[in-house]
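Read off the chains here:
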Amino acid sequence: MTSGRLAVLTGKRGPFEFREFQVPDPEPGAMVLKITAAGICGSDLHIWRGDGTLGTDMVPLGHEGTGTIYKLGKGVTSDHRGTPLKEGDRVVYSGPIPCGRCTICLEGHNSRYCPARQKAVLGQFPYFRSTFADYYYVTPTQAVFKAPDHVCDETLACVNCAMGTVGMGIEVADIKVGQAVVVMGAGGLGLTAVAMAKARGAYPIIVTDRLQNRLDLAKDFGADITINAAELPTSAERVAAVKKETGGLGAHVVMELVGIPELVVEAVAMLRPMGTVMEIGSFFPGKPVNIDLSTLVGFGKRIVGSSMYNPVSLGNTVDFLARNHDRMPFDKMVSHRFKLDDINRAFQASEWDQKSSEVRRAVLIP
Ligand SMILES: [Zn+2]
Ligand SMILES: [Zn+2]
């Protein structure tokens, strides 16, 4: 029987330690993947750092990644669109495992919101439920899509969290042709948001970040205007800059993709009346912000949260990537590659709290 490694976070800021588990045979309808690349998501960094009230005791981390089919369970002959599958094929899978039978599931919501969704428990069957590992077990209820051949492993690794989450967020924010959009943060999430907002016909697309090299890349993805937050250090200056670029009105949609809770106040100030803040970055509990609600009520503004996606939206994101991978510099979205063995070094290099990291997005290769 084959065994594989699984990286486990042992405490705040690590270290990760490796556990070895037997790779289970897939049950009927399931499949086992051999991980080809796993993305280090901003949320992994928040957990590693212990932000808010996030626990860090013996967590199997890693929820973003993809792989090739190592073993197919009985009865699996195609992906969820009917495309034939065989062992060795690369696939993208939907991360959340909804129960499929509760009211939230039946109402057709985002799979992440199912209160009875399955969670990874260290040391319990099927053991490989996280992507910082050699293998990943896909249950029969997780949607799977055959990966487009021309998309590289590194980019594919970012589809089932970063890109899928942004795809869902853009859908929920309902960005329309000609609308002014601000994207806060030009990391993996922000670059994807720029690409998708552009495809929807948004104008202007304004991107804020503290690092010029990230802003330059955002321009290559289609950003019309960039604001270097290191040059405009106060919130008031950045709000004024957005107002200036939007005829004094502000943006229709601001996407908060940085994960600094206080930024939501700035995001609201950047909106025009009836505008929407799409809050994605600050997913962690325990860091409340002070907000004057009259800044919403008096102008019909909305703050909407979104986390991950439903399988239909993820499939749309895979298609978007297939169509745009060669037209946009997606190959530059991942800036650093580390061996899975070097996971501790990879997290230290990706850390951006209180400073600016050169790492846009790192992936781990087993
Ligand atoms: Zn459910
Ligand atoms: Zn994530």
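Refer to the structure above for everything that follows.
In this report, the structure presented in the accompanying data block is examined. Along each chain, residue indices are assigned from 1 in the same order as the chain's sequence is written. Written order decides the labels, with chains lettered from A and ligands numbered from 1. Since the coordinates come from a predicted model, pLDDT governs what is reported: local features require at least 70, and pairs of side-chain atoms require 80 or more to be given and counted, while whole-chain, interface and lining totals use all residues.

A word on the overall build of the chain. A run of DSSP states H or I qualifies as a helix once it reaches four residues; a run of E qualifies as a strand once it reaches two. Both are numbered from the N-terminal end. Tallying secondary structure elements over the chain gives 11 helices and 16 strands in all. In summary, the chain has a C-alpha radius of gyration of 20 Å against a globular reference of 21 Å for 366 residues, a match within 12%. With the C-alpha coordinates of the chain rotated into their principal frame, the extents come out at 65 × 40 × 40 Å. Around each residue's C-beta, the other C-beta atoms within 10 Å are counted; 20 or more make the residue buried, 12 or fewer make it exposed, and counts in between make it partly exposed. All C-beta atoms are placed from the backbone. The buried share of the chain, reckoned over its 366 residues, is 48%. Partitioning the intrachain contacts of the chain with sequence separation of at least 6 by distance along the chain shows that 72% fall at a separation of at least 24. We compute the radius of gyration over the C-alpha atoms and compare it with the globule rule, which gives 2.2 Å times the number of residues raised to the power 0.38. Any two residues are considered in contact once their C-beta atoms, placed from the backbone, lie within 7 Å.

Turning to the sheet that holds strand β2 (residues 16-22), a few remarks are in order. With antiparallel pairing, the 3 strands of this open sheet are ordered in space as β2-β1-β4. Of all strands in the sheet, those with a lone pairing partner are β2 and β4 (59-60), marking the two edges. Being paired, for any two strands, means DSSP has found at least two bridges between them. Judged from the 2 bridges that link them, strand β1 (residues 3-9) and β4 form a sheet pairing that is antiparallel. What sits directly across from V8, in β4, is P60.

So, about unusual backbone geometry. The step from F125 to P126 runs through a cis peptide bond, and the omega angle for that step is 0°. Residue position: P126 is located in the loop between α2 (103-106) and β7 (135-138). Between Y203 and the following residue, P204, the backbone shows a cis peptide bond with an omega angle of -10°. Along the chain, P204 falls in the loop between α5 (188-199) and β10 (205-209). We note that Y127 has phi near 65°; this positive angle belongs to a residue other than glycine. On the secondary structure map, Y127 appears in the loop between α2 and β7.

Let us look at the packing of helix α4 (residues 159-173) against helix α10 (residues 311-324). Structural elements are reduced to axes, namely lines fitted to C-alpha atoms, with helices fitted over the stretch in contact, and the angle between N-to-C directions of any two is expressed from 0 to 180 degrees. At their nearest, the axes of α4 and α10 sit 9 Å apart, and the two run at 105° to each other. Put simply, α4 runs roughly perpendicular to α10. Residues V159, N160, M163, G164, G167, M168 and E171 of α4 lie in contact with α10, whose contacting residues are S313, L314, N316, T317, V318, F320 and L321. Basically, the charged four are Asp, Glu, Lys and Arg, the nonpolar ten are Ala, Val, Leu, Ile, Met, Phe, Trp, Tyr, Cys and Pro, and anything else, Gly included, counts as polar. Residue composition of the contact of α4 with α10, grouped by class: 7 nonpolar, 6 polar and 1 charged. Oblique is the label for any angle not under 35 degrees, not over 145, and not in the 65 to 115 range, which are roughly parallel, roughly antiparallel and roughly perpendicular in turn.

Moving on: the sheet that holds β10. Strand order in the open sheet made by the 6 strands is β11-β10-β9-β12-β13-β14, with parallel pairing throughout. The outermost strands of the open sheet, each flanked by one partner alone, are β11 (225-228) and β14 (302-305). The mean angle between the axes of side-by-side strands here comes to 20°, regardless of whether they run parallel or antiparallel. Relative to strand β12 (residues 251-256), strand β9 (residues 181-184) runs parallel, the two sharing 4 bridges. Across the sheet, V182 pairs through a bridge with V254, a residue of β12. The sheet contacts of α5 involve β9, β10 and β12, and relative to β10 the element is tilted by about 175°.

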